[in-house]
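Fold and contact review
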Amino acid sequence: MSSKPLSSQPQSSQPQSSQSPSSPPSDGTAPIGPPPISTAHATLRYTSMRASIFLGCLLLALLLGHFGVIPVAGASGYVFLVLLAALVSAPLSYVLLSKQRDQMSAQIADKVSGRLRSRTADRIAAQNAEEDAADDAARSASAAQN
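Rules used in this analysis
- Residues numbered from 1 in each chain as written.
- Predicted model: local features only at pLDDT ≥ 70, side-chain atom pairs only at ≥ 80, totals over all residues.
- Heavy atoms only, no water.
- Axes fitted to C-alpha atoms, helices over the stretch in contact; angles between N-to-C directions.
- Helix = DSSP H or I, 4+ residues; strand = E, 2+ residues; numbered from the N terminus.
- Parallel < 35°, antiparallel > 145°, perpendicular 65-115°, else oblique.
- Left-handed = near helix turned anticlockwise from the far one by under 90°.
- Contact = heavy atoms within 4.5 Å.
- Nonpolar A, V, L, I, M, F, W, Y, C, P; charged D, E, K, R; others polar.
- Patch = residues over 30% accessible without salt bridge, like charges linked within 9 Å, V, L, I, M, F, W, Y side chains within 5 Å.
- Areas by Shrake-Rupley, 256 points an atom, 1.4 Å probe, with all protein chains shown as cover.
- Salt bridge = Lys/Arg side-chain N within 4 Å of Asp/Glu carboxyl O.
- Core = buried A, V, L, I, M, F, W, Y, C linked by side-chain atoms within 4.5 Å.
- Buried < 20%, exposed > 50% of the residue type's maximum accessible area, 1.4 Å probe, protein only.
- Expected span 1.5 Å × (residues − 1).
- Lys, Arg positive; Asp, Glu negative; His and termini not counted.
- Charge placed at Lys NZ, Arg CZ, Asp CG, Glu CD.
- Polar contact = N/O pair within 3.5 Å; in protein donor to acceptor, adjacent residues only side chain to side chain.

Let us now look at the packing of helix α1 (residues 42-66) against helix α2 (residues 74-96). The interhelical angle for the contact between α1 and α2, taken along N-to-C directions, is 140 degrees, at an axis separation of 8 Å. Between α1 and α2, the interaxial angle falls into the category oblique. Helix-helix and strand crossings are classified by hand; for α1 and α2 the assignment is right-handed. Judged by residue contacts, Arg50, Ile53, Phe54, Cys57, Leu58, Ala61, Leu62 and Gly65 of α1 engage Tyr78, Leu81, Val82, Ala85, Ala86, Val88, Ser89, Ala90, Leu92, Ser93 and Leu96 from α2. When the residues that make up the contact of α1 with α2 are grouped by side-chain class, the tally is 15 nonpolar, 3 polar and 1 charged.

A contiguous nonpolar patch, built from Leu59, Leu60, Leu63, Leu64, Phe67 and Val69 and spanning about 610 Å² of accessible area, is present on the exposed surface. Note on placement: leucine 60 falls in helix α1.

Moving on, we get to the nonpolar core. Counting 8 residues, the largest nonpolar core consists of Ala42, Tyr46, Ile53, Cys57, Leu58, Ala85, Leu97 and Met104. With 5 residues, α1 is the single largest residue contributor to this core. Those residues within four positions of leucine 58 in sequence are excluded, and the remaining contacts are Leu81, Val82 and Ala85.

With 23 residues, α2 should cover 33 Å at 1.5 Å per step; its first-to-last C-alpha distance of 33 Å lies within 8% of that length. Those residues of α2 that sit buried are Gly77, Leu81, Ala85, Ser89 and Ser93.

Turning to helix α3 (residues 98-145), a few remarks are in order. Under the 1.5 Å per step criterion, the end-to-end length of α3 is 70 Å for 48 residues, consistent within 8% with the ideal 70 Å. Within the sequence span of α3, burial applies to Gln100, Gln103, Met104 and Gln107. For α3, the secondary structure elements touched by its buried residues are α1 and α2.

Let us now look at a negative patch on the surface. Taken together, the side chains of Glu130, Glu131, Asp132 and Asp136 make up a negatively charged region of the molecular surface. Here aspartate 136 is to be found in helix α3.

Here we take up the side chain of glutamine 103. Along the chain, the position of glutamine 103 falls in helix α3. Looking at glutamine 103, its side chain comes within polar contact range of the side chain of arginine 45, at 3.3 Å.

For the rest of this paragraph, the subject is the environment of glutamine 103. Relative accessible area serves as the criterion here: at 12%, glutamine 103 is assigned to the buried category. The spatial distance from the C-alpha of glutamine 103 to the C-alpha of histidine 41 is 9.3 Å, given a sequence separation of 62 residues.

The N-to-C vectors of α2 and α3 enclose an angle of 75 degrees; their axes lie 5 Å apart at closest approach. Overall, the two elements α2 and α3 adopt an arrangement that is roughly perpendicular. Here α2 contributes Ser93, Tyr94, Val95 and Leu96 to the contact with α3, which in turn contributes Ser98, Gln100 and Arg101.

Shown next as structure tokens:
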């Protein structure tokens, strides 16, 4: 039996790789879990995934209609297939895209609150400027009387 000296540094099962400039410096511990997903294009991502689910359901409904599994009679039958695809894709999207929907709502809330904050800050700055101008005018009038 051969014995190896124990190292004081923990060994990682992951290969060492160079870090990107945007990643935090390594302190010897590996991050837990996947990296956070950017919410930069969350609305576009959610919308495209929702449309893809609908189109997949529509394709499935059209194939079932073509092979006679679902009876299709004329143009109204195809409208029925589109409505059926919409009806099936809605709960699928609700369940499958909950994380994307949360990211999209966070993105929208951030934009709205940012706009409100900037409007409020602009309004407060304008009010402060008016008060400063009135205060300066009162001080100059007081200084002129003395």
